[in-house]
Every structure is written in structure tokens, then in C-alpha cells.
Amino acid sequence: MKMGRAIALLFVVVISPAAAQRPTPDQPVSHFVGDTDGWTTGVNYVKWSKDQLFYVGDSLVFKYWGITHAVDEVRANEYKNCNTDNIISSDQTSPTNFSLVIPGIRYFICPKSDHCSQGMKLAINVVDANTTKGSAAARVGGAKSFMVGLLILVGAIVGVMS
């Protein structure tokens, strides 16, 4: 069996059904902050958030050890300066859930010790699904996933044609 046909078969059997089950902006997603690492020190939350797309209706889920960590929602200035004097909300019970109900930038920090200054902070941009154009692939895994899927699709088409 030629490589192209093998890729085409892979696309039809494995990738097509998975792509059909991907969420759309109309299907809320729970974003587990930090994925399997959770909300803790030593995680690059800037990098983590770049692979996410947050829509109104989604939620953020922070998982952490309540004794050593917490999560505060703050404003931009408090986020920038790791300041906990003027918080919007605070929670020390894991898991902590935040519903993303309006578009805009939201800021979160860990108020414990110097965790925020060590990078334990997260800024996200919540977008309205009705005004944002994007594919399901972009929602699930960002541009990288979209490009991989596109390359696989092209490979499948070439395989069928050869």
C-alpha cells in the first residue's frame, strides 16, 4: 500500500471522526489551567494560554493544593505588580471554577508567598463566539493543530489521487 493511501485511510478511520467531535464556540469548554500540572509554581502559564481560545460560556478550572496555593482574580495593574490589595475575588478551595460570561481580558494570580512574582499568574482574553470567526481546530489546539490537520488532509487527498 502506498504511503499516500495509508495516510488517506488514517484520515478516514481516525482523524475524521475525531474532528467531527471537536467542540465549536457554541459548546462550552472547561479549560483546566496548566493542564495536568495544574495551578502551581514552575508552570509557564503564558505559553499554556497561547494554545487556548477562550469563548464566552467557557470556564476556567484551577486545580491546586489549597494549603500552598490560592487563586485571586485581579485587575491589570494588580496583575502586573503582583498586588493583592484590590482583588476582585479570591478562592482557596480547589478546584476553583470561573465562568467566562463576558468578553474581555481577565487576570488571575496566586496570592501566596511570592508565587505571583515567580510566574504563577494568568491573563486570558475571552472572546464572544458571535463576533469571532474561527475554526473548530483553532479553538481546540490553536494554529499548530490547524496546520497539522491541514497537512494531513492534503496528504490524504494526494494519497487518494495517486
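Here, the structure is the one placed above.
Residues numbered from 1 in each chain as written. Predicted model: local features only at pLDDT ≥ 70, side-chain atom pairs only at ≥ 80, totals over all residues. Heavy atoms only, no water.

A. Layout of the pairing of strand β4 (residues 71-74). By the alternation rule, side chains of β4 split into Val71 and Glu73 and Asp72 and Val74, which are all buried. Note that β4 and strand β5 (residues 89-91) share three bridges and pair antiparallel. From the neighbouring strand, Asp72 faces β5, where its bridge partner is Ser90. Across three bridges, β4 lies against strand β7 (residues 104-109) in antiparallel orientation. The residue of β7 that forms the bridge with Val74 is Tyr107. (Buried < 20%, exposed > 50% of the residue type's maximum accessible area, 1.4 Å probe, protein only. Helix = DSSP H or I, 4+ residues; strand = E, 2+ residues; numbered from the N terminus. Pairing = 2+ DSSP bridges.)

B. A look at the pattern of salt bridges. Counted under the stated rule, the structure contains one salt bridge. We note a salt bridge from Glu73 to Arg106, for which the minimum N-O separation is 2.6 Å. Note that Glu73 is positioned in strand β4 and Arg106 in strand β7, a separation of 33 residues in sequence. Taking the relative accessible area as the measure of exposure, Arg106 reaches 13% and is therefore buried. (Salt bridge = Lys/Arg side-chain N within 4 Å of Asp/Glu carboxyl O.)

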